[in-house]
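# Residue-level structure breakdown
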Amino acid sequence: MFEDISKVILLSDMDGTLLNSKKEISDTDRAAIGRFTALGGRFTVATGRTIQSFEQFLKVLDLRSPVIMYNGAAIHDFVRGETLYTHPLPPECREMAIRLLEAMPEAGGEVLRADGTYVFSNTEYQQLHTRLCNIVPEYVELPDIAEGGWLKVLFSLAPEDVPHMEVLTRQLGFDKKADFVRSADIFLEMLPLGVSKGSALTEYRKLDGFSDFTFVSIGDFDNDLEMVQAADFGACPANAEDCVKAAADLVLTRTNDEGAVAELIDIIINKCGLA
């Protein structure tokens, strides 16, 4: 599996994994990524972020491999400026989102498309998400957002309200038409049925030149679970949710504030016999 480091690609989650509590990439992790790529390894990320909100990290990471975006609904190549794969939500997602907002009007929310982010309920929690992503969205009523190409819908709520919306999605039967996954304790995302970072990893293997790669993944939260399971070797930082720890091949000793990605990279380099 680790015979040739040039055939190893590391997919890292961003928030809670590569980013520390200050939403920064530490010098420790950056140095380790540089060491890994200098030896021939490939590094990229798998994120719930949009193409636009991820651009702020491009110069810091200097990524040369495609990036999994929108929690698995797209794969984008920033070098070529091309979206290589998308799996949008079904047309009925608009009515589903409208009904959820009618039932829980306190929820914030946004629709994410390849061409931008469309905020339809600008609550305090939604404003927090906008600041975290460092983007300038469009503000528009939910029924007025253009049909087609919806890659995900993000709802932002108080932590104690997220379980209530999860129950509501099941009561309305929406869980049969789309997947609903927590990406943080205040975010619940509507994704295309069967789509996750893990399903995107499967699509990644089909891209030109990647069929014979060893895929290593690292993530910390519910929305990383399938990716950790789908990788040839799945890891998680010490701060990961229990469900991710249970699924991982390796639970690291460091948290995202202590250089967990760097710890994993050192392990990979050791496994490749290059330490």
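First, a word on scope: everything that follows refers to the structure included in this document. (Residues numbered from 1 in each chain as written. Predicted model: local features only at pLDDT ≥ 70, side-chain atom pairs only at ≥ 80, totals over all residues. Heavy atoms only, no water.)

### A word on the sheet that holds strand β10 (residues 178-184)
The strand order β8-β7-β6-β9-β11-β10 describes an open sheet built from six strands, whose pairing is mixed. The sheet terminates laterally at β8 (138-139) and β10, the two strands that pair on one side only. Against the sheet, helix α4 (residues 93-103) touches β7 (116-121), β9 (150-156), β10 and β11 (187-192), its axis set at about 5° to β9. (Pairing = 2+ DSSP bridges. Helix = DSSP H or I, 4+ residues; strand = E, 2+ residues; numbered from the N terminus. Contact = heavy atoms within 4.5 Å. Axes fitted to C-alpha atoms, helices over the stretch in contact; angles between N-to-C directions.)

### With respect to the pattern of salt bridges
Think of it this way: side chains of opposite charge can pair up when their charged atoms draw near. One pass over the full model with this rule turns up 17 salt bridges. For Asp15, the salt bridge goes to Arg49, with nearest N and O atoms at 2.9 Å. Taken together, the residues span a long stretch of sequence, with Asp15 in the loop between β1 (8-12) and α1 (27-38) and Arg49 in the loop between β2 (42-45) and α2 (51-54) at a distance of 34 residues. The exposure class assigned to Arg49 is buried, which follows from its relative accessible area of 5%. Arg80 serves as the salt-bridge partner of Glu82, at 3.1 Å between the closest nitrogen and oxygen. A residue is classified by how much of its surface remains accessible, and Arg80, at 52% relative accessible area, is exposed. (Salt bridge = Lys/Arg side-chain N within 4 Å of Asp/Glu carboxyl O. Buried < 20%, exposed > 50% of the residue type's maximum accessible area, 1.4 Å probe, protein only.)

### Let's talk about the packing of aromatic side chains
For the structure on display, the rule yields seven aromatic pairs. Seen from their ring centres, Phe54 and Phe78 are 5.5 Å apart, and the 40° between their planes marks the pair as tilted. Taken together, the residues Phe54 in helix α2 and Phe78 in the loop between β4 (74-77) and β5 (82-86) connect sequence positions 24 residues apart. Each member of the pair, Phe54 as well as Phe78, is classed as buried. An angle of 75° between the planes, with centres 6.1 Å apart, marks the rings of Phe120 and Phe155 as edge-to-face. Taken as a pair, Phe120 in strand β7 and Phe155 in strand β9 lie far apart in primary sequence, 35 residues in all. With respect to burial, Phe120 and Phe155 carry one shared label: buried. (Phe/Tyr/Trp six-rings, centres within 6.5 Å; stacked < 30°, edge-to-face > 60°.)

### What to know about unusual backbone geometry
Backbone geometry at Lys23 places phi at a positive 65°, although glycine is not the residue there. Its location among the elements puts Lys23 in the loop between β1 and α1. Despite not being glycine, Asp62 shows a phi value in the positive range, around 50°. Along the chain, the position of Asp62 falls in the loop between α3 (58-61) and β3 (67-69).

### What to know about α1
In this model α1 runs 16 Å from its N-terminal to its C-terminal C-alpha over 12 residues, within 8% of the 16 Å that 1.5 Å per residue would give. Within the span of α1, buried status applies to Asp29, Ala32, Ile33 and Phe36. Projected onto a plane normal to the axis of α1, the buried residues spread over an arc of 100° and lie on a single side. Exposed residues pointing more than 90 degrees away from the buried face of α1 are listed as Asp27 and Ala38. Once α1 ends, the next one or two residues include Gly40, with phi positive near 110°. (Expected span 1.5 Å × (residues − 1). Arc of directions from axis to C-beta.)

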